[in-house]
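# Coordinate inspection notes
The chain contents come next:
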Amino acid sequence: MANVNYFLTEEQQMIVDLARQIAREKIIPVRAELDEKEEFPWDIMKDLAQADLFGLYIPEEYGGFGGGCFENCLAVEQLAYGCIAVTTTFAASALGGYPIVMYGSDEQKKKYLPEIASGEKLAAFGLTEAGAGSDAAAIKTTAVEDGDYWVLNGTKQWITSGGEAEIYTIIALTDKNKGPRGASAFIVEKGDEGFSFGKKEKKMGLRASATRELIFNDCRIPKDRLLGRRGLGFIIAMKTLDLARPGIGAIGVGLSQAALDESVNYARQRVQFGQPIISFQAIQHMLADMATQIEAARALVYAVARTIDSGEKDISKISAMAKLFPTDVAMKVTTDAVQILGGYGYMKEYPVEKMMRDAKILQIYEGTNQIQRNVIGQALNKEYARK
Amino acid sequence: MNIVVCIKQVPDAESVKWDHKTGTLIRDGVKSVINPFDYHAIEAALTLKDKLGAKVTAVTMGPPQAQDAIREAMSLGVDEGVVVSDRAFAGADTLATTYTLAQAIGKLDSVDAVFCGKQAIDGDTAQVGPGLAVRLGFPCVTYVGGMDIINDGKGLRLKRMTEQGYDIVEVEFPVVLTVLSCLNTPRVPSLKGKMRAKKAQIPMWSAEDIGAEPDKIGLAGSPTKVHSTYIPKFEAKREFLEGDPEEQAEALVQRLKEAGII
């Protein structure tokens with residue numbers, strides 16, 4: 001039976017095969033234990049480094065593969081088939097790395113990108129604060145010039161890989177009164193004076209990933225850690241998130257596919273009323289909806305990622321769509337998977353309860369799905385005003 | 001340093017089927033994979049390469065499609081590979097196989113170490129590694145379950161696993177090792193390795209290329225004749241001793257005396 005052909009190049013197919021092999025051999029056998037123990041997946045990060053996957057989006061001259069948004073989506077989709085906590089840890093390094101790729105000086109790129117590409121060091125991205133989630137402009141962390149240094153003060157909240165990563169891209173206010181031009185982006189290294197971490201958060205899902213506060217207490221960093229120009233902070237953050245959002249969609253697709261596979265396999269062997277439950281239309285229709293929505297989500301993610309890689313600049317709307325739809329699908333599909341597996345689905349012996357717990361974060365992080373709808377709605381308003 | 005890894009393509013154990021009438025494997029339509037133990041041999045060779053610097057060459061005897069096994073080994077970090085392939089090699093037993101592999105290895109630059117898996121999961125003989133060592137004139141350590149570099153990289157300290165425990169063996173290069181799966185955890189392929197492997201030209205060496213004597217290869221060079229294959233039956237007698245603990249103990253002592261154990 002034919003599957004949708006996305007016409008991948010040989011190299012792209014290699015990325016898919018490699019990431020799938022890692023999911024199958026290295027992630028799936030340990031995912032339940034990592035989840036249960038809330039254990040950071042260092043061993044798997046080493047495997048991903050050995051496989052060259054951390055450098056997918058990094059230019060070749062800095063030790064990467066020179067791929068784009070699409071290659072990254074292909075990899076995370078397959079990894080997410082195994083576990084999205086592991087995948088989020090992997091993807092968070094790209095979120096920390098993208099700003100350096102896009103806005104770093106040549107010196108900054110030479111210093112940081114090879115280490116990120118090789119997976120020798122993990123990167124992370126710090127924007128969110130206790131009072132600034134969806135309202136990112138409400139951040140309070142400040143950076144003040146002091147001779148040859150910037151001095152940072154404030155606390156970032158819920159930072160993925162906080163404490164585990166070595167390289168952090170941080171958004172902080174440099175001119176409180178300048179509004180959207182009031183923030184700047186900085187590179188902060190683990191070990192910098194005045195930089196420490198809060199306790200590891202306990203989470204409903206995504207438990208193998210580490211989520212901590214980043215605490216800046218008169219944190220002094222050299223002047224050359226400023227990314228881009230002063231005042232570009234919010235723009236850098238928005239461009240980074242625009243580039244990363246299809247990746248979150250791809251994680252949703254991979255997770256949903258895993259939930260569908262579990263559901264179909266279970267429905268084919270679970271016998272009730274004398275027949276496998278897949279023979280009941282109530283189940284068939286659920287599975288059919290799941291499969292169709294997953295394929296639609298995948299097609300959307302791939303098409304948007306390819307559009308971004310073609311060099312389109314104003315990508316906020318399509319990038320938001322590529323995050324919104326697949327992650328809503330993931331929540332629905334994983335919930336339905338638990339329903340199809342019934343009591344077994346609710347038990348930890350089966351993987352779908354974890355998938356459902358994990359799925360919820362996809363609708364929340366990297367911009368809630370309500371914010372994605374805002375972005376799309378505002379873009380529509382602008383588009384139609386021009387017509 | 002030059003390291004050779006001998007690998008073999010075997011039927012995928014997950015997809016293989018058994019013909020109960022003839023007692024043989026149904027190989028048609030079954031996917032071929034690298035023998036599972038050989039992944040550990042590859043990993044051991046790559047570990048040495050990482051630590052000492054070395055060129056690792058994978059060698060396999062088999063049909064032309066054994067190229068796939070070489071490419072997979074290269075995707076893991078093996079530098080080069082050779083398929084020793086000729087219709088004249090067909091029907092080789094372990095004697096002819098070790099001769100063929102030794103001839104091929106003889107064509108490579110001075111080899112310091114040869115790694116093999118403990119055994120192949122299709123033939124299960126575990127004879128090729130030791131046989132190869134004899135032909136190459138190298139010492140052989142089998143069932144390696146641990147490996148450390150000693151003497152500034154001139155030798156290895158090995159843990160040779162036995163049924164009772166293990167021996168610690170020190171050996172200098174050159175050497176042939178057959179390794180167990182407990183030795184290491186095979187690495188995953190790398191993207192760069194996969195791309196290099198895809199593009200690589202894999203040399204195919206014929207009987208003539210390796211200077212093999214016709215009566216030492218293939219069926220002609222194979223004195224082994226398989227009359228039948230079967231799973232040996234181990235029949236153990238089982239008896240439950242009845243009575244209170246004292247009676248049971250006495251009965252047990254009686255049985256052990258009768259058996260000549262005490």
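On to the overall build of chain A. Across its full length, chain A holds 11 helices and 10 strands. In terms of C-alpha radius of gyration, chain A reaches 21 Å, essentially the compact-globule figure of 21 Å for 387 residues. Seen through its principal axes, chain A has C-alpha atoms that stretch 80 × 55 × 40 Å. Sorting the 387 residues of chain A into buried and exposed places 56% on the buried side. The long-range share in chain A, meaning contacts at least 24 apart out of those at least 6 apart in sequence, stands at 75%. Charge centroids of chain A, computed over 45 positive and 50 negative side chains, lie 5 Å from each other.

Let us look at the packing of aromatic side chains. Aromatic ring pairs are described here by two measures, namely the spacing of the ring centres and the angle between the planes. A full pass over the atoms with the stated rule returns 14 aromatic pairs over all chains. When the ring of Trp150 of chain A is compared with that of Phe186 of chain A, the centres are 5.0 Å apart and the planes differ by 65°; the resulting orientation is edge-to-face. Here the residue Trp150 of chain A occupies a position in strand 3 (residues 149-160), and Phe186 of chain A occupies one in strand 5 (residues 183-189), the gap between them amounting to 36 residues. Judged by relative accessible area, Phe186 of chain A falls into the buried class, the value being 0%. Linked through ring pairs, Tyr168, Phe195, Phe197 and Phe216 of chain A together constitute an aromatic cluster. Directly above the ring of Tyr149 of chain A sits Arg220 of chain A, whose terminal nitrogen or CZ lies 4.7 Å from the centroid. The ring centre of Tyr166 of chain B lies 4.5 Å from the NZ or CZ of Lys159 of chain B, which sits over that ring.

In this assembly, 16 residues from chain A lie in contact with 12 residues from chain B. Here chain A meets chain B over a buried area of about 1,300 Å², counting both sides, of which 67% is carbon and sulfur. In terms of surface lost to chain B, no three residues of chain A exceed Met14, Gln50 and Asp52 of chain A, which account for 42% of the buried area on that side. Across the contact surface, chain A and chain B share zero salt bridges. Where chain A touches chain B, the interface holds five residue pairs in polar contact (both at pLDDT 80 or more). Counting only elements with at least two residues in the side of chain A that touches chain B, the list comes to helix 1 (10-27) and helix 3 (42-50) of chain A. Considering each element in turn, the side of chain A that touches chain B owes the most residues, nine residues, to helix 1 of chain A. Within the side of chain A that touches chain B, the residues separate by chemical class into seven nonpolar, three polar and six charged.

Residues and elements named next belong to chain A. Considered domain by domain, chain A is made up of domain 1 (10-122), domain 2 (124-232) and domain 3 (234-382). For domain 2 versus domain 3, the distance between C-alpha centres works out to 30 Å. Between domain 2 and domain 3, the residue contacts involve 19 residues of the former and 14 residues of the latter. Approximately 1,300 Å² of surface area, both sides summed, lies buried where domain 2 meets domain 3, with 75% of it carried by carbon and sulfur atoms. Among the residues domain 2 hides against domain 3, the three largest losses belong to Met204, Leu206 and Leu232. Together they make up 37% of the total. For the pair domain 2 and domain 3, the interface holds zero salt bridges. Linking domain 2 with domain 3 are five residue pairs in polar contact (both at pLDDT 80 or more), by the criterion used here. Put simply, the parts of the chain that give the side of domain 2 that touches domain 3 at least two residues each are strand 4 (167-173) and strand 5. Partitioning the side of domain 2 that touches domain 3 into residue classes produces 14 nonpolar, three polar and two charged.

Residue and element names in this part refer to chain A. Considering all chains together, one arrives at 36 salt bridges over all chains under this definition. A salt bridge links Arg225 to Glu189, with the shortest nitrogen-to-oxygen separation between them at 3.5 Å. Remark: Glu189 occurs in strand 5 and Arg225 occurs in the loop between strand 7 (211-222) and strand 8 (226-227); sequence separation between them is 36 residues. Each of the two residues, Arg225 as well as Glu189, counts as buried. For Glu295, the salt bridge identified is with Arg298, shortest N-O distance 3.2 Å. Of the two residues, Glu295 and Arg298 both sit in helix 8 (residues 281-309), three residues apart, roughly one turn of that helix. Among the residues examined, Glu295 registers a relative accessible area of 26% and is labelled partly exposed. On the accessibility criterion, Arg298 (9% relative accessible area) is buried. What emerges from the salt-bridge pattern is a single network uniting Asp35, Glu38, Lys202, Arg207, Glu353 and Arg357.

Definitions and cut-offs
Counting starts from 1 at the beginning of each chain's written sequence and moves along it residue by residue. Numbering of ligands from 1 and lettering of chains from A proceed in the order in which they are written. Local features in this predicted model are restricted to residues whose pLDDT is 70 or higher, and side-chain atom pairs enter the listing and the counts only when it is 80 or higher, whereas totals over whole chains, interfaces and linings include all residues. Hydrogens and water molecules were not included; the side-chain quantities draw on all heavy atoms of the structure. Secondary structure elements follow DSSP: runs of H or I of four or more residues count as helices, runs of E of two or more count as strands, with numbering from the N terminus. The globule rule used for comparison is 2.2 Å times the number of residues to the exponent 0.38, while the radius of gyration itself is calculated over C-alpha atoms. Only protein chains enter the accessibility calculation, which uses a 1.4 Å probe; a residue is then buried when its area is under 20% of its type maximum, exposed when over 50%, and partly exposed in between. Pairs of residues are marked as contacts when any of their non-hydrogen atoms sit within 4.5 Å. Positive charge is attributed to Lys and Arg, negative charge to Asp and Glu, and no charge count is given to His or to the chain ends. Charge placement uses NZ in Lys and CZ in Arg. For Asp and Glu, CG and CD serve respectively. Aromatic rings from Phe, Tyr and Trp, taking only the six-membered ring of Trp, are treated as a pair when their centres fall within 6.5 Å; an angle between ring planes under 30 degrees marks them as stacked, one over 60 as edge-to-face, and anything in between as tilted. Here, a charge over a ring is recorded when the distance from Lys NZ or Arg CZ to the ring centre is within 6 Å and its angle to the ring normal is within 35 degrees. Buried area counts how much accessible surface, traced with a 1.4 Å probe, disappears from two parts once they are put together, with both parts' losses summed. Salt bridge, as used here: a side-chain nitrogen of Lys or Arg that lies within 4 Å of a carboxyl oxygen of Asp or Glu. The definition of a polar contact used here is a pair of N or O atoms within 3.5 Å, where within protein one atom must be able to donate a hydrogen and the other to accept one, and adjacent residues in sequence count solely through side-chain atom pairs. Any residue outside Ala, Val, Leu, Ile, Met, Phe, Trp, Tyr, Cys, Pro, Asp, Glu, Lys and Arg is labelled polar, Gly included; the first ten of those are nonpolar and the last four are charged. In this entry, domain limits derive from an automatic or database-based domain assignment.

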